[in-house]
Amino acid sequence: MKAMILAAGLGTRMRPLTDHCPKPLLTVAGKPLIVHHLERLAAAGITDIVINVSYRADQIVEALGDGRRFGVSLTFSHETTPLETAGGLRHALPALGDAPFLLLNGDVWSDIDLATLPRLGDDLAHLILVDNPMHHARGDFALDENGRVRLDGAACLTYAGLAILDPALVAGLPDDVPAKLAPLLREAIVEDRVGGTHHRGGWVDVGTPERLATLDEHLRGV
């Protein structure tokens, strides 16, 4: 299975840290955040990785190179301007191919064992969901007793920025046009083609300088 890491955003919520450094290269526990992803993917045997880049793209490409020193092979999908999540996936399809792939938001951290993720089967997506953090108390989607993702339910969970996707989910979009992933997921959920897993371990949305500092302290054991 290939993987794609989303790393093309402007990182506006992380300013001033991202004024001169793209968010994926911000340091956590002595190494860039995106390197944590690469090492976890390599440990799970997922070594063919696509990264979309736009804001300060040259810095990311220069820092990571071909990925060999991290035990992976990297392909970069360049976006003239950020294309949002679904638009970025559509633009990267030539590099991703026709098989289901693992999607990772570049600005999250989790301790989930990537080697244990389920196969997609006939679904268009399988989402990893987590308990709602304080900054997103309403959650995103519900998960029923059969592991099916629903638009609503007794208790909604938060999408963790980690999923397995079928390329068909975004293949019908026009290329080079910004598009969000959430509407496509909602359509697939209505069609009962989205499964989910509730991850109860560690997870952080590294969306602000404060949460970055908290994660850094956690990983360094401070």
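It should be noted that the structure appears before, not after, this text.
First, a word on scope: everything that follows refers to the structure included in this document. Because the structure is predicted, anything quoted here is derived from the model rather than measured. (Residues numbered from 1 in each chain as written. Predicted model: local features only at pLDDT ≥ 70, side-chain atom pairs only at ≥ 80, totals over all residues. Heavy atoms only, no water.)

### A short note on the pairing of strand S6 (residues 101-105)
Among the five residues that make up S6, five are buried, leaving the element largely enclosed by the rest of the structure. Alternating positions in S6 separate into two faces, Phe101, Leu103 and Asn105 on one and Leu102 and Leu104 on the other, with burial throughout. For strand S1 (residues 3-6) and S6, the ladder comprises four bridges, and the chain directions are parallel. Looking across to S6, one finds that isoleucine 5 is bridged to leucine 104. Sheet topology places S6 next to strand S11 (residues 156-165); four bridges connect them, and they run antiparallel. (Buried < 20%, exposed > 50% of the residue type's maximum accessible area, 1.4 Å probe, protein only. Helix = DSSP H or I, 4+ residues; strand = E, 2+ residues; numbered from the N terminus. Pairing = 2+ DSSP bridges.)

### Looking at the pattern of salt bridges
By the definition in use, this model includes 11 salt bridges. Salt-bridge contacts for aspartate 66 lead to arginine 68; the nearest nitrogen and oxygen are separated by 3.0 Å. In this structure arginine 68 comes out as exposed when scored by relative accessible area, which is 66%. Here aspartate 123 and arginine 148 are joined by a salt bridge, their closest N and O atoms 2.8 Å apart. Here the residue aspartate 123 occupies a position in the loop between strand S7 (108-110) and strand S8 (125-130), and arginine 148 occupies one in the loop between strand S9 (141-143) and strand S10 (149-150), the gap between them amounting to 25 residues. The buried category is assigned to arginine 148, whose relative accessible area is 17%. Look at the salt bridges and you will find they share partners, linking Asp123, Asp144, Arg148, Arg150 and Asp192 into a network. (Salt bridge = Lys/Arg side-chain N within 4 Å of Asp/Glu carboxyl O.)

Distances and angles like these do not, on their own, reveal function.
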